[in-house]
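These are the residues of each chain, in order.
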Amino acid sequence: MAREPVYDVLTGLVRTLLWWQGLRIDIRGQEHIPRSGGAVLAVNHTAYLDFMEVGLVGRRSGRNVRYMMKAELEHGIVGFLMKHCKAIGVDRSAGAESFGRAVDSLREGELVVVYPEATISRSFELKEFKSGAARMALEAGVPIIPLAIWGAQRIWTKDVPKQLGRHRFPITIRIGEPLPPVGTPDELTATLRTALRTALDTAQRDYPDPPTGARWAPVRLGGTAPTLEQAAEIERAELEARRARRAERA
């Protein structure tokens with residue numbers, strides 16, 4: 001692994017934070033993360049800080065993962081960090097360019113992190129998947145690796161009070177076998193969703209803390225999070241409110 005001083009410093013800070021919080025991280029399937037060559041890491045999205053666990057998984061295999069981040073962050077301190085950590089800026093108004101940068105990175109042998117759900121799942125169930133991860137893998141000719149994280153939503157997520165102190169929460173991470181880049185984008189996306197569903201089910205089954213009555217767990221597991229349908233309604237209301245605010249400013 002080539003030295004990347006900025007990435008190394010950030011990794012040290014993340015490890016210090018995880019140690020300070022006392023997180024009990026249980027990773028299984030680490031052998032599925034390749035030590036060389038390009039691959040898409042497809043991750044479920046339940047928390048604001050779950051990217052830290054993804055980075056930890058990469059480093060355990062001697063890799064620096066490449067995140068896809070909003071292009072509007074490419075300035076100031078965050079822009080400096082993005083540049084030196086080889087993050088891929090995503091501009092929704094220039095999607096083809098962002099897609100091309102991700103494919104180039106994969107062809108250069110990088111691990112590119114993609115959240116197929118695009119946004120955090122308030123229900124903590126898998127939302128509908130975008131096809132970007134599959135299209136990138138097919139275009140670059142690299143595998144997709146399903147990676148499920150469970151428990152990070154207890155620290156910081158939408159509509160749940162933050163728990164940023166020393167809480168010793170367990171976090172389970174389950175990594176599935178690489179999926180070859182075959183089929184159409186829709187077919188590969190469906191295969192990916194099934195594989196990530198299996199990995200997430202395993203992570204939830206292995207989780208040591210009972211979720212009974214907890215806001216951070218879905219109803220299916222005995223929690224009190226909104227259902228997929230209820231979460232979708234909340235998101236529609238938020239979108240309409242943002243549009244109304246933009247119209248007022250205009």
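Cut-off values and rules
- Residues numbered from 1 in each chain as written.
- Predicted model: local features only at pLDDT ≥ 70, side-chain atom pairs only at ≥ 80, totals over all residues.
- Heavy atoms only, no water.
- Helix = DSSP H or I, 4+ residues; strand = E, 2+ residues; numbered from the N terminus.
- Rg over C-alpha atoms; globule rule 2.2 N^0.38 Å.
- Buried < 20%, exposed > 50% of the residue type's maximum accessible area, 1.4 Å probe, protein only.
- Contact = heavy atoms within 4.5 Å.
- Lys, Arg positive; Asp, Glu negative; His and termini not counted.
- Charge placed at Lys NZ, Arg CZ, Asp CG, Glu CD.
- Axes fitted to C-alpha atoms, helices over the stretch in contact; angles between N-to-C directions.
- Left-handed = near helix turned anticlockwise from the far one by under 90°.
- Nonpolar A, V, L, I, M, F, W, Y, C, P; charged D, E, K, R; others polar.
- Patch = residues over 30% accessible without salt bridge, like charges linked within 9 Å, V, L, I, M, F, W, Y side chains within 5 Å.
- Areas by Shrake-Rupley, 256 points an atom, 1.4 Å probe, with all protein chains shown as cover.
- Salt bridge = Lys/Arg side-chain N within 4 Å of Asp/Glu carboxyl O.
- Pairing = 2+ DSSP bridges.
- Parallel < 35°, antiparallel > 145°, perpendicular 65-115°, else oblique.
- Expected span 1.5 Å × (residues − 1).
- Core = buried A, V, L, I, M, F, W, Y, C linked by side-chain atoms within 4.5 Å.

- By the naming in an unreviewed UniProt entry, the chain is 1-acyl-sn-glycerol-3-phosphate acyltransferase, taken from Nocardia puris.

What about the overall build of the chain?
- When its secondary structure is counted, the chain shows seven helices and seven strands.
- Here the C-alpha atoms of the chain give a radius of gyration of 18 Å, agreeing with the 18 Å that 2.2 N^0.38 yields for 250 residues.
- Counting only C-alpha atoms, the chain reaches 50 × 45 × 40 Å along its principal axes.
- Within the chain, the fraction of its 250 residues that count as buried is 48%.
- A sequence separation of at least 24 residues applies to 74% of the contacts in the chain between residues at least 6 apart.
- Side-chain charges in the chain split into 36 positive and 30 negative, and the spacing between the mean points of these groups amounts to 5 Å.

As for helix α2 (residues 50-60)
- Within α2, nine of the 11 residues are buried, which leaves it mostly tucked inside the rest of the structure.
- Among the residues of α2, those classed as buried are Asp50, Met52, Glu53, Val54, Gly55, Leu56, Val57, Gly58 and Arg59.
- Once α2 ends, the next one or two residues include Gly62, with phi positive near 75 degrees.

So, the packing of helix α5 (residues 132-140) against helix α6 (residues 185-205)
- The geometry of α5 relative to α6 is characterised by a closest axis approach of 8 Å and an angle of 115 degrees between their N-to-C directions. For the pair α5 and α6, the sense of crossing is right-handed. In this structure, α5 uses Ala133, Ala134, Arg135, Ala137 and Leu138 to contact α6, whose residues at the interface are Pro185, Leu188, Thr189 and Leu192.
- Along the lines of polarity and charge, the residues of the contact of α5 with α6 split into seven nonpolar, one polar and one charged.

Details of a positive patch on the surface
- A cluster of like positive charges, contributed by Lys70, Arg242, Arg243, Arg245, Arg246 and Arg249, occupies part of the molecular surface.
- Counting through the fold element by element, Arg245 comes out in helix α7 (residues 228-249).
- Arg245 gets classed as partly exposed once you look at its relative accessible area, which sits at 44%.

Topic: the pairing of strand β5 (residues 111-114)
- Residue alternation in β5 divides its side chains into two sets, Leu111 and Val113 and Val112 and Val114, and both sets are buried.
- Bridge count between strand β2 (residues 39-43) and β5: four bridges; the pairing is parallel. Its bridge partner lying in β5, Val40 is registered against Val112.
- Sheet topology places strand β3 (residues 65-70) next to β5; three bridges connect them, and they run parallel. Each bridged residue has a counterpart across the sheet, and for Val65 the counterpart in β5 is Leu111.

Focus: the packing of helix α4 (residues 95-107) against α5
- Direction vectors running N to C along α4 and α5 enclose 50 degrees, while the axes themselves pass 9 Å from each other. With respect to their mutual orientation, α4 and α5 come out oblique. Taken as a pair, α4 and α5 cross one another with a handedness that is right-handed. Of the residues in α5, those in contact with Phe99, Ala102, Val103, Leu106 and Arg107 of α4 are Gly132, Arg135, Met136, Glu139 and Ala140.

Topic: α6
- For α6, which comprises 21 residues, the first-to-last C-alpha distance of 30 Å matches the rise-based estimate of 30 Å (1.5 Å per residue) to within 8%.
- Within α6 the residues assigned to the buried category are Leu188, Thr189, Leu192, Ala195, Leu196, Ala199, Leu200, Ala203 and Gln204.
- Lining the buried residues of α6 we find β2, α5, β6 (144-150) and β7 (170-175).

Overview of unusual backbone geometry
- Positioned with a positive phi, Lys86 is a non-glycine residue whose angle comes to about 55 degrees.
- Tracing the backbone through its elements, the reader meets Lys86 in the loop between α3 (76-84) and β4 (88-90).

Notes on the nonpolar core
- Counting 34 residues, the largest nonpolar core has Val40, Leu106, Met136, Ile144, Trp150 and Leu192 as its most contacted members.
- Broken down by element, the residue count for this core peaks at seven residues, all from α6.
- If sequence neighbours within four positions are ignored, Ile144 has contacts with Val40, Ala42, Ala133, Ala134, Ala137, Glu177, Pro178, Leu179, Leu188 and Leu192.
- One finds Val6, Tyr7, Leu49 and Ala152 within the second-largest nonpolar core, a separate group that totals 30 residues.

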